[in-house]
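An overview of the molecular structure
This is what each chain is made of:
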Amino acid sequence: MTSTMQIALTRPDDWHLHLRDGDALATVLPHSARQFARAIVMPNLRPPVTTVAAATAYRARILAALPAGMAFEPLMTLYLTDSTPVDEIRRAVASEFVRAVKLYPAGATTNSDAGVTNLDRCAAVLTEMERSGLPLLVHGEVTDSKIDVFDREKVFIERVLKPLLVRYPGLKVVFEHITTRDAADFVAACGPNIAATITAHHLLYNRNAIFAGGLRPHYYCLPVLKREVHRQALLRAATSGNPRFFLGTDSAPHPRVSKEVDGGCAGCYTAHAALELYAEAFDAADALHRLEAFASFNGPDFYGLPRNTGSVTLVREAWRPPAAFAYLGGDTLVPLAAGELLRWKMRG
Ligand code: DOR
Ligand code: ZN
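These remarks concern the structure in this document. (Residues numbered from 1 in each chain as written. Chains lettered and ligands numbered in written order. Predicted model: local features only at pLDDT ≥ 70, side-chain atom pairs only at ≥ 80, totals over all residues. Heavy atoms only, no water.)

**Describing the site of ligand 1**
Inspection of the region around ligand 1 gives 13 residues, with Arg20, Asn44, Thr109, Leu222 and His254 positioned closest. At a separation of 3.4 Å, an oxygen atom of ligand 1 approaches a polar side-chain atom of histidine 18. In the model, an oxygen atom of ligand 1 is placed 2.7 Å from a nitrogen or oxygen of the histidine 254 side chain. Protein chains bury 99% of the 290 Å² of accessible surface belonging to ligand 1 in isolation. (Near = heavy atom within 4 Å. Polar contact = N/O pair within 3.5 Å; in protein donor to acceptor, adjacent residues only side chain to side chain. Areas by Shrake-Rupley, 256 points an atom, 1.4 Å probe, with all protein chains shown as cover.)

What follows is the structure, given as structure tokens:
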């Protein structure tokens, strides 16, 4: 741990974010826009964002929900299905604001039922993406119920990712929200067209957090938190200086009623304090000097976008995130680290 009192970072971006829609969007968007200049916006709405036309409309709703005086650029994604037409990829590339296509294996997570059942069905689309350089963002878990839930990422690498990369060696792939040493090692050993995002919660917590003092649903996300050895491997990867690891919060809001219930939803809400949570993790690893590249340089470099201008400042100041935010009429949104002591605070 350092005794640095403040750090300035080039304004960062969030390369994996759930903004939702409607009233939920209006609540969560200001949290992200305060910290990040841009974000890769996940397409798992109901119905999912499968076309450039739908992405155009969603982007307009995001911009309309932005409070006056805030700047934020939503980088849109398309939700890949078994029947996504090749022309949709061409339209996405031409749009210049659809920046990637998201692969959800059908049934892997929230609103993934319309996802891909068999990647063979997407061969023409993947060929076009490989040709045009449009990245594929991968939720890397198999959905086979016979596979232990803690092993689904590791098995995905063998069963899906390796064959995919053999078949499309030039495809740009972001292995999203990696959670295991296996994924970190795999990505580190890959070439320049494969990268990974890492969440703050997977850097800060291991699976004990889900069960500490009773069942803690706000620590339940997918892919689920793993063992301590995996957390440590993720922390090493994030702080290694390897430019193919970058920040993606996977901040995923759900109303309290949908979290604190039998069959509760997966997702940790971290947008309220995303940078602070990453700073906490990097500080604990004595690697605050690596935070700027991870948060502000590696993502745009991989996506071929300009780095941001302007900066944000984190100060060493103890504070506690609120217990909850008002959300969706009478409900609340419980953020991660609610009421816990954090040691870094973004100024402004
Ligand atoms: O925990 C998660 N929540 N993982 C996902 O992949 C989806 C997300 C959500 O949309 O709530
Ligand atoms: Zn996600």
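**So, the sheet that holds strand S10 (residues 311-319)**
Taken together, 3 strands build an open sheet; the order of strands is S1-S10-S13 and the sheet is antiparallel. Edge positions in the sheet fall to strand S1 (6-10) and strand S13 (342-346), since each of these pairs with one other strand and no more. Each strand of the sheet is rotated relative to its neighbour by a mean of 35 degrees, with strand direction disregarded. As defined by bridge partners, S1 adjoins S10 across 5 bridges and the pair is classed as antiparallel. Residue pairing for S10: glutamine 6 is matched across the bridge by valine 315. Together, S1, S10 and S13 form the strand contacts of helix H10 (residues 274-284), whose direction differs from that of S13 by roughly 130 degrees. Seen against the sheet, helix H11 (residues 291-303) touches S1 and S10 and runs at an angle of roughly 25 degrees to S1. (Pairing = 2+ DSSP bridges. Helix = DSSP H or I, 4+ residues; strand = E, 2+ residues; numbered from the N terminus. Axes fitted to C-alpha atoms, helices over the stretch in contact; angles between N-to-C directions. Contact = heavy atoms within 4.5 Å.)

**Focus on H10**
By the criterion of burial, H10 is predominantly enclosed, with 10 of the 11 residues buried. Buried within H10 we find Ala274, Leu275, Glu276, Leu277, Tyr278, Ala279, Glu280, Ala281, Phe282 and Asp283. Once H10 finishes, aspartate 286 follows within two positions and takes phi at roughly 55 degrees, a positive value. (Buried < 20%, exposed > 50% of the residue type's maximum accessible area, 1.4 Å probe, protein only.)

**Some thoughts on the sheet that holds strand S5 (residues 98-103)**
One open sheet accounts for 8 strands, arranged S2-S3-S4-S5-S6-S7-S8-S9; its pairing is parallel. Edge strands, defined here as strands with exactly one partner in the open sheet, are strand S2 (14-17) and strand S9 (245-247). The mean inter-strand angle of the sheet, taken between neighbouring strand axes irrespective of direction, is 30 degrees. Both S2 and strand S3 (residues 38-41) contribute to a ladder of 2 bridges, which runs parallel. Along S3, the bridge assignment pairs aspartate 14 with alanine 39.

**Topic: the environment of leucine 275**
Among the secondary structure elements, leucine 275 is positioned in helix H10. Placed 14 residues apart in sequence, leucine 275 and histidine 289 show a C-alpha to C-alpha distance of 14 Å. Here leucine 275 is in contact with Leu9, Pro12, Gln35, Phe36, Leu247, Val312, Leu314 and Met346, once residues within four sequence places are set aside.

**With respect to the environment of threonine 127**
Positionally, threonine 127 belongs in helix H4 (residues 123-132). Relative accessible area serves as the criterion here: at 43%, threonine 127 is assigned to the partly exposed category. Sequence-wise, threonine 127 and glycine 170 are 43 residues apart; in three dimensions their C-alpha atoms are separated by 9.3 Å. A distance of 2.9 Å separates a polar atom in the side chain of threonine 127 from the backbone oxygen of alanine 123.

**As for the coordination of the zinc ion (ligand 2)**
In the first shell of the zinc ion (ligand 2), the protein supplies His16 (NE2), His18 (NE2) and Asp250 (OD), at 2.1 Å from the metal. Positions of the donor residues of the zinc ion (ligand 2) along the chain correspond to the pattern H-x1-H-x231-D. Of this pair, histidine 16 sits in strand S2 while aspartate 250 sits in the loop between S9 and helix H9 (256-259), and the two are 234 residues apart along the sequence. Neither histidine 16 nor aspartate 250 differs from the other in exposure class; each is buried. (Donors = N, O, S within 2.8 Å, 3.2 Å for Na, K, Ca; no water.)

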